[in-house]
Amino acid sequence: MATTEEIRADLADIVNEVAGVDADDVQLDKSFVDDLDVDSLSMVEVVVAAEEKFGVTIPDDEVKNLKTVGDAVAFIERSQG
Amino acid sequence: MPSTRVVVTGLGTTSPVGGDVPTTWQALLAGTSGIGYLDDEWVDTLPVRIGGRVTVDPSEVLDRVKARRLDRSSQFAMVAADQAWADAGLEGSGLEPERLGVAIASGIGGVTTLLANYDILLEKGARRVSPLAVPMLMPNAPAANVSLKYGARAAVHAPTSACASGNEAIAMAIDLIRLGRADVVMAGGTEAAIHPLPMAAFANMMALSKTASGDDGRDPVSVSRPWDTGRDGFVLGEGGSVLILESEEHARARGATIYAEVLGAGISNDAHDIAQPDPEGRGGTRAIKMALREGDVDPATVVHVNAHATSTPKGDIAEGLMLHAVLGEHVDRCVVTSTKSMTGHLLGGAGALEAIATVMALHDRVSPPTINLDDKDPEVDLDIPTSRRNLPDGDIVALNNSFGFGGANVAVAFGSVK
């Protein structure tokens, strides 16, 4: 089972690849939109890449609840659990 | 006579012979070919294994994150637009966004993005298709992305007329300025179609040469040979080019450097066949005459033509007939060249790259050669230089021709600056 930090680090790599955000800035308390400047289309790309990476499904109506990196990591942990 | 004079004040390109205009122009003058074996893994499955890749990949120039949102054709357009904008000195010039237009064409659009996403759809399912696929592959994506970057809020066009698209974009830019709809237009063409599907399709319709793709021992550099008896089809190239067209009044007011004047354009259609040219070149003749009439050009002053001549058996002959029909006896004093002998055929990117070559020929008063012309087709009676040839002093005019599937013919006449 991946740890919270491992999931955060892998997610950070995805956000870096998609949106060019420095992976070190992708911390649990950061908002995708307000802090990391990830726009809606990039967020869809992040979600699709995360589904593939973590082997989970993130429904469209769940995406709007993933405001922070921590929200996303927690959702992935629950889905994997 | 059109009242508004239009001039060229900036140039940019990324091409099979160079990553910018100075490099590309010097390569063309030197007769340097950009054609070689493709190193893509899929190439062994194809009957054609050669092409003209850009010498500088856009990934070396563009920001990675911005580039991943652009189809390769848009990447080329962006590289060329950045160069042209800087060359024209428009940054900080106070140009109002509402007076800046864009006309950047492609022949096929974002075909590699389309097909890559189709592969993903089949292999990984619908969920994995990129949410950016449509804005990346749409034919107006290159023009739209350039307008976004430079804040162009006048008309943003992407005319499509296959291999005449780039030249039609320039013709459209002239109209935008003469109709008062813009003071400055970023005009050009781009194409990124080196992919097994379009290459297989062009090969199957006998448009691409299969020479040097098998065991014949021929050199890829020798395959694009316009007007030579050994020609047997074109070689596919890629790249993008952008010219800054501007009303002369606007250019003079800001003290811009002027490369050449854009005198006039002609657009016509053969209505003959979806792919074959009219064997007598009647539609092309009308387009060239229109361009000269619009610019009030005396045919005796036309000293240079950058021909469409793609190295296909029929098209190259038809273009010779057009030039005889329009220029008459003056054709003997006109230096006609095909830079496709070096770049290959960039489809929708061809007209704009060749417009830059035409403008530079007037500016430097020298024509690039046509390489590989070892045995000129006796049906072609044109003065074709096999090494660079100086053009005369005085007021001179040069033509850039482009013809496309669907019967499209576009000619643009440029004039030297006093």
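Residues numbered from 1 in each chain as written. Chains lettered and ligands numbered in written order. Predicted model: local features only at pLDDT ≥ 70, side-chain atom pairs only at ≥ 80, totals over all residues.

## Some points on the overall build of chain B
Along its length, chain B carries 13 helices and 14 strands. Compactness check: chain B gives a C-alpha radius of gyration of 20 Å against a globular reference of 22 Å for 418 residues, within 12% of the reference. If you line up chain B on its principal axes, its C-alpha atoms span 60 × 55 × 40 Å. The buried share among the 418 residues of chain B stands at 58%. Excluding contacts between residues fewer than 6 apart, the proportion of contacts in chain B whose partners are at least 24 apart in sequence is 81%. (Helix = DSSP H or I, 4+ residues; strand = E, 2+ residues; numbered from the N terminus. Rg over C-alpha atoms; globule rule 2.2 N^0.38 Å. Buried ≥ 20, exposed ≤ 12 C-beta atoms within 10 Å, placed from the backbone. Contact = placed C-beta atoms within 7 Å.)

## Some points on the UniProt feature "domain: EAL" (unreviewed entry) in chain A
The UniProt entry lists residues 1-81 of chain A under the feature "domain: EAL" (unreviewed entry), expressed in the numbering used here. Across residues 1-81 of chain A one finds 58% helix and 0% strand; the C-alpha atoms that close the span lie 8 Å apart. (UniProt positions renumbered as here; feature names shortened; annotations may be inferred.)

## Examining the interface of chain B and chain A
Every contact between the two is made by seven residues of chain B and, on the other side, six residues of chain A. The class makeup of the residues in the side of chain B that touches chain A is three nonpolar, one polar and three charged. (Nonpolar A, V, L, I, M, F, W, Y, C, P; charged D, E, K, R; others polar.)

## What about the confidence of the model for chain B?
Scored by pLDDT, chain B comes out at a mean of 97, with 100% of its residues at no less than 70. Confidence metrics for the complex model read pTM 0.96 and ipTM 0.87. (pLDDT = per-residue confidence, 0-100.)

## Structural notes on the nonpolar core
Ile104 and Leu243 of chain B are the most contacted members of the largest nonpolar core, which totals 127 residues. Each of domain 1 (6-253) and domain 2 (264-415) of chain B accounts for three or more of the residues forming this core. Ile104 of chain B has contacts with Ala77, Pro142, Ala143, Val146, Ala158, Ala169, Met186, Ala187, Gly188, Gly189, Thr190 and Val242 of chain B, leaving out every residue within four places of it along the chain. Counting 23 residues, the second-largest nonpolar core is a separate cluster that includes Val38, Val47, Ile58 and Val73 of chain A. (Core = buried A, V, L, I, M, F, W, Y, C linked by C-beta atoms within 7 Å. Domains from an automatic or database assignment.)

## Concerning the UniProt feature "modified residue: O-(pantetheine 4'-phosphoryl)serine" (unreviewed entry) in chain A
Residues and elements named next belong to chain A. The residues that UniProt annotates with the feature "modified residue: O-(pantetheine 4'-phosphoryl)serine" (unreviewed entry) are Ser40. If you trace the backbone, Ser40 turns up in helix 2 (residues 40-54). Among the residues examined, Ser40 registers 11 C-beta atoms within 10 Å and is labelled exposed.

## Observations regarding the domain arrangement of chain B
All names here are of chain B. Looking at the assigned domains, one finds that chain B contains domain 1 (6-253) and domain 2 (264-415). For domain 1 and domain 2, the distance between their C-alpha centres works out to 20 Å. Across the boundary between the two partners, domain 1 contributes 61 residues, which contact 55 residues of domain 2. Contributions of two or more residues to the side of domain 1 that touches domain 2 are made by strand 1 (6-14), helix 1 (21-30), helix 7 (165-178), strand 6 (184-191) and strand 7 (239-247). Per-element tally for the side of domain 1 that touches domain 2: the top contributor is helix 7, with eight residues.

## As for the sheet that holds strand 7 of chain B
All names here are of chain B. The ten strands lie next to each other as 5-4-6-7-1-8-14-13-9-10, forming an open sheet whose pairing is mixed. Edge positions in the open sheet fall to strand 5 (156-157) and strand 10 (335-337), since each of these has one partner strand only. Where strand 4 (residues 100-105) and strand 5 come together, two bridges link them in parallel fashion. Residue pairing across strands places Ala103 opposite His157, the latter belonging to strand 5. This element, helix 3 (residues 72-88), spans strand 1, strand 4, strand 6 and strand 7 of the sheet and lies at about 130° to strand 1. Against the sheet, helix 7 makes contact with strand 1, strand 4, strand 5, strand 6, strand 7, strand 8 (260-269), strand 13 (397-404) and strand 14 (408-415), and its axis sits at roughly 170° relative to strand 6, the strand it touches most. (Pairing = 2+ DSSP bridges. Axes fitted to C-alpha atoms, helices over the stretch in contact; angles between N-to-C directions.)

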